[in-house]
Amino acid sequence: NIDISGCRSSDGMNIIVDMYEGIGWGGTEIWAATVAKGLRDNRRRVTLYGSTEQTRLEQKFETLIERFSNENTIEQMVKSMLEKMPFVLINNFAGCAYLAAVMLKMQYPDKVRIVDVIHNDNKSLFNAHMVFRDWTDCFFCVSDRIRQRIIYEYGIEKSGVLFKEQPIDVEKDYIRDFDEGKSPIRVGYAARLVKQQKRADLFPELINEFEKAGLNYQLEIAGEGECYSQIRDFVEEKKLNSKVHLLGRMDKSQMPDFWKRQDIYINFSEYEGTSLSMLEAMSYSCVPVVTDVSGVSEFVTNNRNGYVCQVGDLTGIAEAIKQLDSNRDLLQDFGKASREEILKRCKKDEYIDYMCEIIDGIANGKTVKL
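Residues numbered from 1 in each chain as written. Predicted model: local features only at pLDDT ≥ 70, side-chain atom pairs only at ≥ 80, totals over all residues. Heavy atoms only, no water.

**Section: the overall build of the protein chain**
Then step 1. Within the protein chain, the secondary structure is distributed over 13 helices and 13 strands.
Then step 2. Rg of the C-alpha trace for the protein chain: 22 Å, near the compact-globule value of 21 Å for 370 residues, within the 12% margin.
Then step 3. Looking at the 370 residues of the protein chain, the share that counts as buried comes to 58%.
Then step 4. Pairs at least 24 apart in sequence give 68% of the contacts found in the protein chain among residues at least 6 apart.
Then step 5. Within the structure as shown, the protein chain displays about 16400 Å² of accessible surface, and the carbon and sulfur contribution to it stands at 43%. (Helix = DSSP H or I, 4+ residues; strand = E, 2+ residues; numbered from the N terminus. Rg over C-alpha atoms; globule rule 2.2 N^0.38 Å. Buried < 20%, exposed > 50% of the residue type's maximum accessible area, 1.4 Å probe, protein only. Contact = heavy atoms within 4.5 Å. Areas by Shrake-Rupley, 256 points an atom, 1.4 Å probe, with all protein chains shown as cover.)

What follows is the structure in structure tokens.
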């Protein structure tokens, strides 16, 4: 039995945001840290759960974090949650924090609320998050495609499955200086260089498609992972070092300058949530040329502000870039339309206000408004 004597229960709900299972400074961790800081700035009591093994974050985020080791983690989290009871858990992984919160909720259902966030549209991830569906107060999805799948494939009531477009920081005064076509078209990629989900193992094939299409290009690849050496060896073997540049893992603070020098954003993942890199790139007027994964349809309209290809269609990606290279007016129009889409839909203040409304409603036992 768990003793909750002495725990706070009358001065409002604490908020715990989970990013313990994160493997680095990826999209889910950025989302978790952004939401946690936004909630704190809105005078909510917030703790961000992290791991002792994770990379330290910027100081504005680090002050929010309570870190746990990989030994007896669930026990550690239960003790921590007891001190914060009553609380709302914003769960991002089907892992230790979720299990700890469910254990407490089984004994004290009135003192624990769980908002379960679904970050990509992989079937196995859906199944993992559904294990404790009966103990979850609300599902929050990072794309409308994920929301629709959760509702129709798992029979969850619509009122309990929410979605809002992802927030990002936008340079409101930024003005893109478009090239008139004298320079190589600049293509940027920023993600983990792994086979699973991201399919970075296909880079050699994609670069071959660029060469076959006769593209005059510069490709910059920001990221690290198991496929890094494979890509590096291919580039060296084909003597493409003057065209393809592997930059390794870049600090978040370096990414604005990275996107400002790109014309095209590429992503050829097999599945996603909503790629924050895509939104950031579009905010700097980069034109998205991407596969049709979750989060794309909300922001990219084919032949209006980018190109959407079927998963695995590397030839289509190369052909789309060639079309933009040969028509720089079209590139400029698409780039401006992409930035406008982000300015209109990815407002951080509105997003945090929405999250506050959700959490306050759940904490007070109210129905959440869609």
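**With respect to the pattern of salt bridges**
Then step 1. Tallying each qualifying case throughout the model produces 26 salt bridges.
Then step 2. Here D263 and R176 are joined by a salt bridge, their closest N and O atoms 3.2 Å apart. Here D263 is found in the loop between α9 (255-260) and β11 (264-267), whereas its partner R176 is found in the loop between β7 (161-163) and β8 (185-190), with 87 residues between them in sequence.
Then step 3. Exposure remark for R176: the relative accessible area of 13% places this residue in the buried category.
Then step 4. Between E270 and R199 there is a salt bridge, with its nearest N and O atoms 2.9 Å apart. One end of the pair, E270, is in the loop between β11 and α10 (276-283); the other, R199, is in the loop between β8 and α7 (203-212), with 71 residues separating them in the sequence. (Salt bridge = Lys/Arg side-chain N within 4 Å of Asp/Glu carboxyl O.)

**Side note on the side chain of N92**
Then step 1. Within the secondary structure layout, N92 lies in the loop between β4 (87-91) and α4 (96-107).
Then step 2. Residue classification places N92 among the buried residues on the basis of a relative accessible area of 4%.
Then step 3. Within the local environment of N92, its side chain forms a polar contact with the backbone oxygen of D18, the two atoms lying 2.6 Å apart.
Then step 4. A polar contact is formed between the side chain of N92 and the side chain of H119, at a distance of 2.7 Å.
Then step 5. For N92, the contacting residues outside a window of four places in its chain are V17, D18, T28, W31, A32, V117, H119 and H129. (Polar contact = N/O pair within 3.5 Å; in protein donor to acceptor, adjacent residues only side chain to side chain.)

**Some remarks on the nonpolar core**
Then step 1. Membership of the largest hydrophobic core comes to 43 residues, with the highest contact counts inside it found for W31, L39, L48, I90, F140, I150 and M355.
Then step 2. In terms of residues, this core owes the most to one element, helix α13 (residues 348-363), which gives 8 residues.
Then step 3. Apart from the residues lying within four places of it in its own chain, the contact partners of W31 are I90, N92, V117, H119, F140, Q166, L276, Y351 and M355.
Then step 4. Listed in part, the 38 residues of the second largest apolar core include I185, Y189, F203 and I207. (Core = buried A, V, L, I, M, F, W, Y, C linked by side-chain atoms within 4.5 Å.)

**Some thoughts on the pairing of β8**
Side chains on a regular strand alternate between the two faces of the sheet.
Then step 1. β8 sits mainly inside the fold: 5 of its 6 residues count as buried.
Then step 2. Where β8 meets strand β9 (residues 217-222), 6 bridges bridge the pair, whose relative direction is parallel. Paired with V187 across the bridge in β9 is L219.
Then step 3. For the crossover from β8 across α7 to β9, the handedness is right-handed.
Then step 4. One ladder, built from 2 bridges, connects β8 with β11; its direction is parallel. (Pairing = 2+ DSSP bridges. Right-handed = clockwise from strand over helix to strand, strands pointing away.)

**Let's talk about the confidence of the model for the protein chain**
Then step 1. For the protein chain, the average pLDDT comes to 90, and 94% of its residues sit at 70 or higher.
Then step 2. Note on residues 1-11: pLDDT is under 50 here. Beyond four places in sequence and across chains, it has 24 contacts. (pLDDT = per-residue confidence, 0-100.)

**Some thoughts on the side chain of T73**
Then step 1. Of note, T73 is situated in helix α3 (residues 73-84).
Then step 2. Polar side-chain contacts of T73 include one of 2.7 Å to the backbone oxygen of S69.
Then step 3. Not counting chain neighbours up to four residues away, the residues in contact with T73 comprise Y20, F68 and C96.

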